[in-house]
Amino acid sequence: QAMDWVLTNYGNVPWPGEEMRALKLHCVRGLMASEAGSEFFLTAVQALTYDWNPQNAIPWAVADEILLGMDKRIAKEDKELRSRLLYARYSVHDRRADAKGTKLAIHLLEQLEKEFSDTRVGSMAKGLLFDKRHLQVGMKAPEFVGVNVDGEEIRLSDYKGKVTYLVFWGFW
């Protein structure tokens, strides 16, 4: 339980990145070595997935090795946890700064969409794949239709060849 607490709260500790990364890695490996239940696995998966501070991030190769080891210990019937594990692997490889990482990240999203579309995390895969395939810097923007402030229909293609500044807003 102490390792679970550390992984849940490590973002609130102002330790230097190297020390925090070592502690986080120790706790993730400790949870994996224990006979803890799936709730602790989920904490470890989340610790490897959501790390906004690159100084605290566990290197991608180590994180992927841990996640692959987790996959062998999770029951095949636990689709929700397995989908989160696959999403964690996607997230780890998506942060890589190389073409192999991008290619593997897309492959993992395709697998997530195919095998786990009926889970909460798997349902996000379709939108993430669209983003990866169509909404990257340097790519041609996809066609869309909208309504301007005067109620007239407009298309992005109406502005082809012109400098166009898009502002999206709304009341949610």
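Read on for an overview of the structure. (Residues numbered from 1 in each chain as written. Predicted model: local features only at pLDDT ≥ 70, side-chain atom pairs only at ≥ 80, totals over all residues. Heavy atoms only, no water.)

### Brief notes about the packing of helix α5 (residues 79–94) against helix α6 (residues 99–116)
Line of reasoning, step 1. Where α5 contacts α6, the two axes come as close as 8 Å, and the packing angle between them is 165 degrees. Put simply, α5 runs roughly antiparallel to α6. The interaxial crossing formed by α5 with α6 has left-handed handedness. Within the contact between the two elements, α5 uses K79, R82, S83, L86, Y87, R89, Y90, H93 and D94 and α6 uses G101, T102, L104, A105, L108, L109, Q111, L112, E115 and F116. (Axes fitted to C-alpha atoms, helices over the stretch in contact; angles between N-to-C directions. Helix = DSSP H or I, 4+ residues; strand = E, 2+ residues; numbered from the N terminus. Parallel < 35°, antiparallel > 145°, perpendicular 65-115°, else oblique. Left-handed = near helix turned anticlockwise from the far one by under 90°. Contact = heavy atoms within 4.5 Å.)

### Brief notes about a nonpolar patch on the surface
Line of reasoning, step 1. Nonpolar side chains collect at one region of the surface, where Y165, V167, W169 and F171 lie side by side and expose about 660 Å² of accessible area between them.
Line of reasoning, step 2. Take W169: it is sitting in the segment after β2 (153–155).
Line of reasoning, step 3. When its relative accessible area of 62% is taken as the criterion, W169 is described as exposed. (Patch = residues over 30% accessible without salt bridge, like charges linked within 9 Å, V, L, I, M, F, W, Y side chains within 5 Å. Areas by Shrake-Rupley, 256 points an atom, 1.4 Å probe, with all protein chains shown as cover. Salt bridge = Lys/Arg side-chain N within 4 Å of Asp/Glu carboxyl O. Buried < 20%, exposed > 50% of the residue type's maximum accessible area, 1.4 Å probe, protein only.)

### Re the packing of aromatic side chains
Line of reasoning, step 1. Scanning the entire structure with this criterion turns up one aromatic pair.
Line of reasoning, step 2. Taken together, a centroid distance of 5.4 Å and an interplanar angle of 50 degrees make the contact between Y87 and Y90 tilted. Of this pair, Y87 and Y90 are both found in helix α5, three residues apart, which corresponds to roughly one turn of the helix. Residues Y87 and Y90 agree in their burial class; the two are buried. (Phe/Tyr/Trp six-rings, centres within 6.5 Å; stacked < 30°, edge-to-face > 60°.)

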